[in-house]
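Chain by chain, the residues run as shown.
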Amino acid sequence: MVPLEHVIGLSAILFAIGILGVVVRRNLIVILMSIELMLNATNLAFVGFNRMWPVFGGEPSLDGQVFVLMVITVAAAEVAVGLGIVIALFRNRDSVDVEEASLLKW
Amino acid sequence: MSFPDLNFSVLAPIGFVAVGAMVVLMGEVFLSRARTFLGREITEAWIGSMLALTSIVFLALAIYAAWAAFAAGSSAVFNPDNPMLRLDSFSALVSGVIALASLLSCALAIAYLADLRINHGEFYALVLLATAGMLLMVAAVDLLVVFLGLELMSIPIYVLAGFDRRKLRSNESALKYFVIGSFASAVLLYGMALLYGTAGATSFEAIRAGFDAESPMALIGLGLVVVGFAFKISSVPFHQWTPDVYEGAPSVVTAFMSVTVKIAAFATLMRLLALAFGGLGATLVDVLWVLAALTIFVGNVMAIIQENVKRLLAYSSVAHAGYLLIGFVTGTIEGYTAVLFYLFIYLFMNLGAFGVVVALAHRGQECERVESFAGLARSRPGLAALMTLFMISLAGIPGTAGFIAKFVVFSAAVKAGVIWLTILGVLMSVVSIYYYLRIPVLMYMKEPAEDAEFAEVSSGEALVLGLCAAAVLCFGILPNDLTLPLLGKLRLLDWAQESVKLLLGA
């Protein structure tokens, strides 16, 4: 059986890669993917922790797993809206580079 | 296994708003297909106002439901076997206030959307959905519901920020809000995962019982949750999105989100701190202290150099988040009461200030440069007087509600011994007078530009602005015993205190 530390460690690494992607990359699509990666890293942590807490207060508990289902649903909605925004932007400017989104500053 | 004894009355405020969103969404589809309605020709403007009226009706029902729950003073959970949603006097009061802010925003939007030729019915549906999310969030007693409410609030607002989708500035505003907002949600979510890992369940009660201030995992989780909320309440150093998003979004959306998101996020943070983290650990007080000090300082200083009114108001809203955080630093009943009271007053003065900007937009053009307010007192004396009132209230000058709100926060802080932060707050309020009063000075003492034209004020806008101004004046003079013919006695301060006392279990 995979020990819990490995699961949580992997999720932390994935989360860090996601953060790095949002901060470093300039392409909107890649930023969207990085946000998805962060959410999925969280899902992994929830599943891992649920294995640590299969029972809570004397009763079988699935809090972590249920949370994952909700996060997957929300992530789908979020990515749909995100792509919609990217398309609206692309129609007006023919570019998905965030560096060029600089009308509003200071 | 028996079927749980569900209490559907808990869902009443959220339900009215959510059903309203569906009705508006469907109504738009059917009305825009039909050529005539009851024998009269229908126009786009007519559809817009009908949908706005429908949303106002549903929001009024939600306010009524929340008010009834508050007046009954009950504390009911949806599912007693597994409490996730709890409608107690705190969440009922905050829900009512949020629904009121959404209602006023809908009334403000009717003429504005027609003016900017973005009169799509989805606007009202999205406002209602976001409101449903906020009501869900403030009624949550489980991390899962907090997350769902937060996302249900945020996702429609991403869309609303980009609502004027032919304008590049609106696109850019939506983009920035989306990227930073979903990044913040992911950070918050990771914090929730770590808290779940330490406690073993996601309910506030379990987290309170299982929270171990020595365990690094719990502390990192707590830190990430606080950072996630700091993004939403736009506290420095997580505020950079605020001015950009507020400037680029259509003014009416800015008015809506600047008020409601702040109320919902602050109220939820308060509930989290009170119920899940058992008051404040010593570490968290220090963190909040630093956040408050930075937020007050940076918000006020950056506002000085702004040339765009919406940006100026954005930095002012950052500064106000700082004053609100002072109340959190105290951790006392008075402090929390002050935060709640400040949020109510903030609703009226900020919605009013943005409402004036909304009312001045005309023929597809926003009126948002500071200079474009020059000479407004000549051509629109009423609007100029209202703007002056909102500005002096935001600055906290006595006689207005803004003063009472600041007074309540600062006196709670002094009582709790948070002296340095109070001094910084008072000093920075003095600084803020400079940038707030610049606009009245321009309006009354400068000649209007040659080509200046200002829009006619529609009846919806006049109503909203009048109501906000009346509230700012009345609560500024009688904060706690204003008697109105229909509504009875409005005791805002006492209500806030009662609900906070119940929340903290004192």
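Located above this text is the structure these notes cover.
Here's what I pulled together on the structure shown here. Small disclaimer: the values here were computed from a predicted structure and weren't measured.

Here the focus is the overall build of chain B. A tally of regular secondary structure across chain B gives 19 helices and six strands. By the compact-globule yardstick of 23 Å for 506 residues, chain B fits well, its C-alpha radius of gyration being 22 Å. The buried share among the 506 residues of chain B stands at 63%. When contacts within chain B are restricted to residue pairs at least 6 apart in sequence, those whose partners lie at least 24 apart make up 78%. When the accessible surface of chain B is totalled, it reaches about 17,700 Å², and 67% of it is carbon and sulfur. Put simply, chain B has 27 plus and 32 minus side-chain charges, and the middle of one group is 4 Å from the middle of the other.

If you look at the interface, chain B gives 47 residues, while chain A gives 46 residues. If you sort the residues of chain B by the area they bury against chain A, Phe178, Tyr190 and Tyr196 of chain B come out on top, with a joint share of 17%. Across the contact surface, chain B and chain A share zero salt bridges. Between the two partners, chain B and chain A, sit nine residue pairs in polar contact (both at pLDDT 80 or more). Among the secondary structure elements, those contributing two or more residues to the side of chain B that touches chain A are helix 5 (143–161), helix 6 (168–199), helix 9 (241–248) and helix 12 (309–330) of chain B. Residue composition of the side of chain B that touches chain A, by class: 27 nonpolar, 10 polar and 10 charged.

End to end, helix 6 of chain B covers 46 Å across 32 residues, agreeing with the expected 46 Å (1.5 Å per residue, within 8%). Of the residues one or two after helix 6 of chain B, Gly200 of chain B is the one with positive phi, at around 95°.

Let us look at the packing of aromatic side chains. Applying the stated criterion to the full structure yields 25 aromatic pairs over all chains. Taken together, a centroid distance of 4.2 Å and an interplanar angle of 20° make the contact between Phe15 of chain A and Tyr190 of chain B stacked. Of this pair, Phe15 of chain A sits in helix 1 (residues 4–24) while Tyr190 of chain B sits in helix 6, placing the two residues on different chains. Tyr190 of chain B matches Phe15 of chain A in its accessibility class, with the two residues each being buried. In this structure an aromatic cluster arises from ring pairing among Tyr158, Tyr177, Phe178, Trp241, Tyr246 and Phe354 of chain B.

Scoring rules and cut-offs
All residue numbers here refer to positions counted from 1 along the written sequence of the relevant chain. Whichever chain is written first is A, and whichever ligand is written first is 1; the rest continue in order. In keeping with the predicted nature of the model, local features appear solely for residues at pLDDT of at least 70, side-chain atom pairs appear and are counted solely at 80 or more, and the whole-chain, interface and lining totals rest on all residues. Water and hydrogen atoms were dropped before computing side-chain values, which therefore reflect all heavy atoms in the structure. Helix and strand definitions here come from DSSP, where helices need a minimum of 4 consecutive H or I residues and strands a minimum of 2 consecutive E residues; each element is numbered from the N-terminal end. The reference for a compact globule is 2.2 Å times residues^0.38; the radius of gyration itself is calculated from the C-alpha atoms. Buried, partly exposed and exposed residues are distinguished by accessible area as a fraction of the type maximum, computed with a 1.4 Å probe on protein chains only: under 20%, between the cut-offs, and over 50%, respectively. Note on contacts: a residue pair is in contact if any heavy atoms of the two residues lie within 4.5 Å. Values of accessible area rely on a 1.4 Å probe in the Shrake-Rupley scheme; residue burial ignores everything except the protein chains shown. His is not counted, nor are the chain ends; Lys and Arg add positive charge and Asp and Glu add negative charge. Just so you know, the charge point we use is NZ for Lys, CZ for Arg, CG for Asp and CD for Glu. Using a 1.4 Å probe, buried area is obtained as the accessible area two parts lose upon being combined, added over both of them. The term salt bridge refers to a side-chain nitrogen of Lys or Arg lying within 4 Å of a carboxyl oxygen of Asp or Glu. Distance and chemistry together define a polar contact, namely a pair of N or O atoms within 3.5 Å, with one atom able to donate a hydrogen and the other to accept it when in protein, and with adjacent residues in sequence counting only for side-chain atoms on both sides. Put simply, Ala, Val, Leu, Ile, Met, Phe, Trp, Tyr, Cys and Pro go in the nonpolar bin, Asp, Glu, Lys and Arg in the charged bin, and everything else, Gly too, in the polar bin. Helix span, as expected, comes to 1.5 Å for every residue beyond the first. Any pair of Phe, Tyr and Trp rings, taking the six-membered ring for Trp, is counted once the centres come within 6.5 Å. Such a pair is stacked with planes under 30 degrees apart, edge-to-face with planes over 60 apart, and tilted for the rest.

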